[in-house]
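# Residue-level structural notes
One-letter residues, chain by chain:
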Amino acid sequence: MNKRLGIIFAVILITAIIVGCTGFGRKNDKPVVLTLWHVYGGQTDSPLNQTIDRFNETTGKEKGIRIQVTSVSNTNTIHEAVIAAANKEPGAAELPDMFVSYPKTVLSLPDKDILVDYKDYFNEEELKAFIPEFIQEGMIDDKLMVFPVAKSTEILFVNRTLFDRFSKETGAKEEELATWDGVFNMAKLYQKWSDDKTPDIANDGGNFFVHDYHFNYFQVGCESLGEDFFSDIADGGKLAFGEKFKQIWQPYANAAISGGVWLRDGYATEPLRTGKAIVSVASSASVLYYEDVVTYENNISEPIEVISYPVPIFENGKKMVMQRGAGFCTVKSTKEREKAAAEFLKWLTEPENNIEFVVKAGYMPVTEKAFEELPNASEKLENLKYRSLYEALAKTKKDYTFYVAPQLPNYLDLEMHFEKNVRLELSRVEQEYKDALQNNTQTDINTYIEEAYENLVQAMK
């Protein structure tokens, strides 16, 4: 009898230990519920939501963890909401348990120590499985505060349907899109070609190219040519405006002032969706929003084929590309809740789960093993647009260096200020140049390129 009671007691004790380890201290079988704000897709049609549903019904159910998505937005909106919540502004929502953001959001917090250091929950061996640059980007004050789950980079997207029409009449070739000089020369050619189609209307040529972030073009461009884009980093940082900046400003401004570059606000998906531009450089995740149909201003639509290439490079420059993609931040609470968040992230970054998620969203996986398995997964993709994207991403991973922007406290302000002023100055000078052409007055485009440059430098002081 004593032996039997001992066995029963041992079983009860082992069961209690297992429940304690896997159930996160659940009471009355209630799971630990963690709220999340993220950016992957729409509220009702999100690839991450689908993956979270699978977690909740499998591993989450077993371990007593439930992830509850309370907002799906974009990084800018989440940035503003997080800062408002952290500052306890009137009417601001409470911070969720987890949110997706860039390091620049963390650097803008009044107190960064409200966030978990993931090194407390991931050991060194586990972190070695990740792409080093992806971990590096999330390190702030020697703490891993932004955890990589899916990373994007910049990709060249081409509306091949419209490009082929342009190519047939002008001899332009897709291969020329491999360099920035090729892109900008083609942008001027496209503007003239489209303008000539309506000889009775002067200067109505179309835009050929659109860049999601002018800031990234200049930043990566300078760094790829061996010049620092930023200076005075120890004092907070400012833009250097060195010789290489001037070098890459020349062809960009030339094409923009000539009318070949889209300069309006908004994301690059919009002009491609409406046929107002046919080539873009944007986040690889933009594939979610590039439709297979173009709808023109007259409401006529036609199917198109969108293909992808690695970003253009400068001659004699390194093959370098912006590393993009936000990461997960976890707000400090209790050890139980923090550990539950880490368990979810460990599950989400297991190669099989990570690949399933990223290929639906246009992102790259975050571990070396997942990257090794990615080609097999991408070959099975039925959508040709996504297959083309993952071929371009594979070439990017193989041939390019990922550029990680410095963690400057005023990085976001510099970026926003620069974006605004580049668009304003180039748009204003473009109009001046058009007016001069119509009036047969000063038409040396180099004069306008220099004017826009000087005004930009002055505006950024």
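You'll find the structure just up there.
This report concerns the structure included in the present document. Values in this document were obtained by computation on a predicted structure and should not be read as measured data.

A word on the sheet that holds strand E15 (residues 327-330). The sheet built from 4 strands is open, its strands ordered E2-E1-E3-E15 with mixed pairing. Each having just a single partner strand, strand E2 (65-72) and E15 make up the two edges of the open sheet. Across this sheet, the average inter-strand angle for adjacent strands is 30°, counted without regard to direction. One ladder, built from 2 bridges, connects strand E1 (residues 32-38) with strand E3 (residues 98-101); its direction is parallel.

Our next topic: the environment of Thr443. Looking at the secondary structure, you find Thr443 in the loop between helix H17 (411-439) and helix H18 (445-459). Note: C-alpha distance between Thr443 and Gly259 (184 residues apart in sequence) is 14 Å. The residues contacting Thr443, other than those within four sequence positions of it, are Tyr433, Ala436, Leu437 and Tyr448.

Its 15 residues place the ends of helix H11 (residues 243-257) 21 Å apart at the C-alpha level, agreeing with the 21 Å of an ideal helix rising 1.5 Å per residue. Where H11 bends most, at Trp249, the angle is about 30°, and the proline Pro251 comes one to four residues later. Within H11 the residues assigned to the buried category are Phe245, Ile248, Trp249, Pro251, Tyr252, Ala253, Asn254, Ala255, Ala256 and Ile257. Looking at the buried residues of H11, the elements they touch are helix H9 (180-196), strand E7 (209-211), helix H10 (214-224), H17 and H18. One or two steps after H11, the chain reaches Gly259, where phi turns positive at roughly 100°.

Reading guide: rules and limits
Residues numbered from 1 in each chain as written. Predicted model: local features only at pLDDT ≥ 70, side-chain atom pairs only at ≥ 80, totals over all residues. Heavy atoms only, no water. Pairing = 2+ DSSP bridges. Helix = DSSP H or I, 4+ residues; strand = E, 2+ residues; numbered from the N terminus. Axes fitted to C-alpha atoms, helices over the stretch in contact; angles between N-to-C directions. Contact = heavy atoms within 4.5 Å. Expected span 1.5 Å × (residues − 1). Bend = angle between axes of the 7 residues up to and from the residue. Buried < 20%, exposed > 50% of the residue type's maximum accessible area, 1.4 Å probe, protein only.

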